[in-house]
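# Commentary on secondary and tertiary structure
As a plain string of letters, each chain reads:
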Amino acid sequence: MKKNILSSRFHLALGLASLVVTLLLTALFAGLLPDRDAALRAGRTSLAEAVGVAATALLAVEPAVHDAHADAEARAEAQDLPRDTEPRLQQVLGFIVARNPDLLSIGLRAADGQLIVQAGAAAAPAHVFELAADAASTETHVRVPLLHDGAIWGHAELHFAPIEGAGVMSLHRGSPALLVAVMGAGSFLLFYFYLRRMLRHLDPSRVIPGRVRTAFDTLAEGLLVLDPKGRIVLANTAFMAVVGGDADALVGRDAAQLGWSQPEGAAASDTPWACIETDGRACRSVLLYLHDTEGKRRSFMVNGSPVPGADGKAAGMLVSLDDVTTLEEQEIQLRLARDEAEAANRAKSDFLANMSHEIRTPMNAILGFTELLRRGWQHDSRHTQRHLDTILGSGHHLLALINDILDLSKVEAGRLEVESIACPVHEVVREVVDIMRLRGDEKGVGLKLEFPSALPSTLQTDPARLRQIVTNLIGNALKFTSRGQVTVVVQLAPAGKVVKASKTEANAAPQRLCIDIQDTGIGIPGDKLEAIFEPFVQAEVSTTRQFGGTGLGLSISRRFARALGGDVIATSVIGQGSTVHVSIAVGAVADDAVWLDPAVLQAAARVQAAGPALRWVFEPATVLVDDDGAENRELVRLVLESAGLVVIEAENGVLALDAVARHSPALVLMDVQMPVMDGYTATRALRDQGCTLPVLALTANAMKGFEQEIQDAGFSGYQTKPVDIDALLAAIAQYLKARQVALTEHAPQFATSAPAVLSLDDTDNADDADAPIRSRLQAHPRLARVVRSFAQVLPQKLHLMQEALAARQ
């Protein structure tokens, strides 16, 4: 307010001073100002004339002197004054000098130049007159002729003091600009201090009583009082807390010029200051924005009510500003949450629809071909094998899908755990490539593995997660590639760089395992290169319809890679293919590490790809399978018996403990979740009894962290369900004698089981009443299971038959 008043006072004073100067200049140039110097000069002229008249009257001159026809000598003699004339002239002239301060001296000079009479101190010792005989009078030297009978007798000479300015009105004589400057500066100072007092009484903020101002300042919402022109008369403390500064500084400012903004599409005529200037109407619930002192945009719900004046018209407006920034932010958050919920709901619906398709497709193949086999509709062994292959492939696809969902749930729940152990990463990648090559062959797409540079024999990482990453990314590349090939490039690079590295450089610093999966597929649009790493997202909707998939593989792979200290990124050219770059931190390579040259790595990959398929063959041994699911037991039985092992079964932990005591198996496969007694309790009981048999857990729990629980219970190891036959046999081979043979190689004929013996009460056999029934199919590779199953259930069936016979049923 003070700054505003000072500014107003300055401008008003400057304006008024300018008006005074303008009027002064106008009067000056129009000649309206009185001229003191001219008046003084006129007065001196009149005084000189009066002196001349008085001197002429007092001169006692003889008539002969004034005769024009007298000779010069006579006139000269006649010019001598009578004795009594000179004192009288001296007296008169002295009186005139005494009465006029500006008159310095008076002298009467005859025509011949002789000074007759003089008066005035300035003239002593003799009256000195500076004008030449023929020069005109000036303001300081005036010459008046003395006449007698029409002739010039002499002159009266008056010597005046120079005319000097005695005030402002005389300044224009020497410099009009000085006059104007003095008048302008003087009037400015006078007006400035005069307005200082006047504006204090005109301060509009003082119109409002102090108690009203205090009441306004206690309100939590901002308040403004505007005049009819929309200028601020009063601003309360709450509003000043937003804009900062002193409330008095806003008085007189246009409220519309404070930097307000409106929502998009809002009309400027709805603001309070627009309403007061147009028709004085009230305005309600107008949303306006204003930046506070910290630069943050604040939102206000503004209401304006006109203040009626004495004439009934609006004399001003009271504006209230309710800060709704927090409410608006919450509304935005709610809107975003709603949008996210709707997006999540749509994503869930899309995911369920997509997942339904992905699950039903392999399930349709599994159930359909199983039904064909169950009904015996296969034409020959070739069709049977093809149906089984289809069922197996669909089952693997379904299992991979379930694993992806479980992995994603673990990541989302923050339960993803990784380990870092020394593992041959080149073999891990090579195994995946060998497995995935079959899928590529089915599509006519080549799968190539390259090692551009040397690699250590082992690196520190999580082999399971690495295998899963490479499997997902190669599978994804094969899915979207219909021609050409997929190339997998494995190399080592210094951390932070994805370039080739020499062995010397690799030993010097932490390393990063880099795997590039290059395909010649359809490519990915540039704006979708990041979106494809979101769960359940594919580059285009049509992609899902054409190629299928859930959009989980890339997302899970990236999260695994980041958990391993790396990342997964993609580059692509539409129509030419894509490259997925995988980087995983593997730490520094040990100085004594064994390095494998690219030629060695490449040769091993070719040998592995061309190697024959193998199967396990065990020497005869008994294995106890403990599972409450009959189907699970039957599956494991078929697998183990086909490998040459003898299987005994139990369906809970209590029966398992009894079977171990009675049959002393070489190995136990035990489910962990069973009725009566679970696998954890049964295994602890075995260990407490001093049993050292290898006990492998069979569990459907594939979540990270369960391994510790398995180990604490005393299990020797574990296998997850669904059972991976190769992994199961490999795990058993660690504890039992076995070897691998080619599928085409004739397997050694180990006795698969003891002869199936049925003890029957056969009265028709007179020779040997206790002779057992022996099946001729007990050594059949496929029907041996049926024989053993028959031997197990026949006693119970015979008992039921005998009871029925006795009851004549």
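Let me begin by describing the structure that accompanies this report. Since this is a predicted model, take the numbers as computed values, not measurements.

### Let's talk about the overall build of the protein chain
For the protein chain, the count of helices and strands is 22 helices and 27 strands. For the protein chain, restricting intrachain contacts to residue pairs at least 6 apart in sequence, the fraction spanning at least 24 positions comes to 63%. As displayed, the protein chain offers around 45300 Å² of accessible surface, 56% of which is attributable to carbon and sulfur atoms.

### Here's the deal with the packing of helix α18 (residues 653–663) against helix α19 (residues 679–688)
One can describe the packing of α18 onto α19 by two numbers: an axis separation of 9 Å at closest approach and a directional angle of 30 degrees. When the axes of α18 and α19 are compared, the pair comes out roughly parallel. As for the relative orientation of α18 and α19, their crossing is right-handed in sense. Between α18 and α19, the residues in contact are Gly653, Leu657 and Val660 and Ala682, Ala685 and Leu686, respectively.

### Digging into the pattern of salt bridges
Using the criterion set out here, one finds 16 salt bridges in the structure. Residues Arg562 and Asp567 are paired through a salt bridge, measuring 3.0 Å at the closest nitrogen-oxygen approach. Of the residues examined, Arg562 reaches a relative accessible area of 46% and is grouped as partly exposed.

### Comments concerning the sheet that holds strand β11 (residues 446–450)
Strand order across the open sheet formed by five strands is β11-β14-β15-β17-β16, with mixed pairing between neighbours. Both edges of this open sheet fall to β11 and β16 (567–573), since each of them pairs with a single strand only. In this sheet, neighbouring strand axes are inclined to one another by 15 degrees on average, regardless of whether the strands run parallel or antiparallel. Direction of pairing for strand β14 (residues 485–494) relative to strand β15 (residues 511–519): antiparallel, over a ladder of nine bridges. Looking at β15, one finds that Val488 is bridged to Ile517. Each of β11, β14 and β15 touches helix α11 (residues 425–443); the most contacted strand, β11, lies at about 170 degrees to it.

### Examining α18
Residue pairs spaced three or four apart in an α-helix point in one direction, given the helix's 3.6 residues per turn. Looking at α18, one finds that the buried residues are Gly653, Ala656, Leu657, Ala659 and Val660. Buried residues of α18, seen end-on, are gathered within an arc of 165 degrees and therefore sit on one face of the element. Pointing more than 90 degrees away from the buried face of α18 are the exposed residues Ala661 and Arg662. Packing partners of the buried residues in α18 comprise β20 (622–626), β21 (646–650), β22 (667–671) and α19. Its side-chain oxygen at 3.0 Å from the backbone nitrogen of Val654, Asn652 defines the N-terminal cap of α18. Two residues or fewer after α18 comes Ser664, characterised by a positive phi angle close to 45 degrees.

### Focus: the pairing of β14
The element β14 is extensively covered by neighbouring structure, given that nine of its ten residues are classed as buried. Here five bridges tie β11 to β14, and the two strands are oriented parallel to one another. Paired with Leu449 across the two strands is Val488, which belongs to β14.

### Digging into the environment of Ala268
Take Ala268: it is sitting in the loop between α7 (237–243) and α8 (272–278). Beyond its immediate stretch of four places on either side in the chain, Ala268 contacts Gln262 and Ala274.

### Description of the pairing of β21
As paired elements, β20 and β21 share five bridges and run parallel to each other. The residue of β21 that forms the bridge with Val625 is Glu649. Crossover handedness for the path β20 to helix α17 (residues 630–642) to β21: right-handed.

### Focus: the sheet that holds strand β1 (residues 103–110)
Here we have four strands laid out as an open sheet, ordered β2-β1-β4-β3, and antiparallel in their pairing. Both edges of this open sheet fall to β2 (115–119) and β3 (141–148), since each of them pairs with a single strand only. Ignoring strand direction, the axes of neighbouring strands in this sheet form an average angle of 20 degrees. The pairing of β1 with β2 spans four bridges and is classified as antiparallel. Within β2, the position partnered with Gly107 by the bridge is Gln118. In the packing of helix α2 (residues 36–58) onto the sheet, the strands contacted are β1, β3 and β4 (151–160), and the crossing angle to β3 comes to about 30 degrees.

### Quick look at unusual backbone geometry
Phi is positive for Ser664, close to 45 degrees, though the residue is something other than glycine. By the secondary structure assignment, Ser664 is in the loop between α18 and β22. Ser664 sits in the exposed class, given a relative accessible area of 55%. Phi is positive for Val676, which is not a glycine, with a value near 65 degrees. Mapped onto the elements of the fold, Val676 is located in the loop between β22 and α19.

### Looking at the packing of aromatic side chains
Counted by the stated rule, this structure contains four aromatic pairs. Considering the side-chain rings of Trp260 and Phe300, the 6.3 Å spacing of their centres and the 75 degrees angle between planes classify their relative orientation as edge-to-face. Of this pair, Trp260 sits in the loop between α7 and α8 while Phe300 sits in strand β8 (residues 297–308), and the two are 40 residues apart along the sequence. An aromatic cluster of at least three residues, connected via ring pairs, comprises Phe239, Trp260 and Phe300. A cation sits over an aromatic face here: Arg465 above Phe560, 4.6 Å from the ring centre.

### Quick word on the nonpolar core
Counting residues in hydrophobic clusters, the biggest one holds 47 residues, and the most contacted among them are Ile474, Val488, Val490, Ile515, Ile517 and Val582. In terms of residues, this core owes the most to one element, helix α12 (residues 463–479), which gives seven residues. Not counting residues within four places of it along the chain, the set of residues in contact with Ile474 comprises Val432, Val433, Met436, Leu447, Val488 and Ile517. With 23 residues, the next largest nonpolar core counts Ala235, Ala247, Cys275 and Met317 among its residues.

### Examining the packing of α11 against α12
Axis separation between α11 and α12 bottoms out at 9 Å; the angle between their running directions is 25 degrees. Here α11 is positioned roughly parallel relative to α12, judged by the angle of their axes. In the packing of α11 onto α12, the handedness of the crossing is right-handed. Listed contacts from α12 to Val425, Val428, Val429, Glu431, Val432, Val433, Met436, Arg439, Gly440 and Lys443 of α11 are Pro463, Leu466, Arg467, Val470, Thr471, Ile474, Gly475, Leu478 and Lys479.

Calculation notes
Residues numbered from 1 in each chain as written. Predicted model: local features only at pLDDT ≥ 70, side-chain atom pairs only at ≥ 80, totals over all residues. Heavy atoms only, no water. Helix = DSSP H or I, 4+ residues; strand = E, 2+ residues; numbered from the N terminus. Contact = heavy atoms within 4.5 Å. Areas by Shrake-Rupley, 256 points an atom, 1.4 Å probe, with all protein chains shown as cover. Axes fitted to C-alpha atoms, helices over the stretch in contact; angles between N-to-C directions. Parallel < 35°, antiparallel > 145°, perpendicular 65-115°, else oblique. Left-handed = near helix turned anticlockwise from the far one by under 90°. Salt bridge = Lys/Arg side-chain N within 4 Å of Asp/Glu carboxyl O. Buried < 20%, exposed > 50% of the residue type's maximum accessible area, 1.4 Å probe, protein only. Pairing = 2+ DSSP bridges. Arc of directions from axis to C-beta. Polar contact = N/O pair within 3.5 Å; in protein donor to acceptor, adjacent residues only side chain to side chain. Right-handed = clockwise from strand over helix to strand, strands pointing away. Phe/Tyr/Trp six-rings, centres within 6.5 Å; stacked < 30°, edge-to-face > 60°. Lys NZ or Arg CZ within 6 Å of the ring centre and 35° of its normal. Core = buried A, V, L, I, M, F, W, Y, C linked by side-chain atoms within 4.5 Å.

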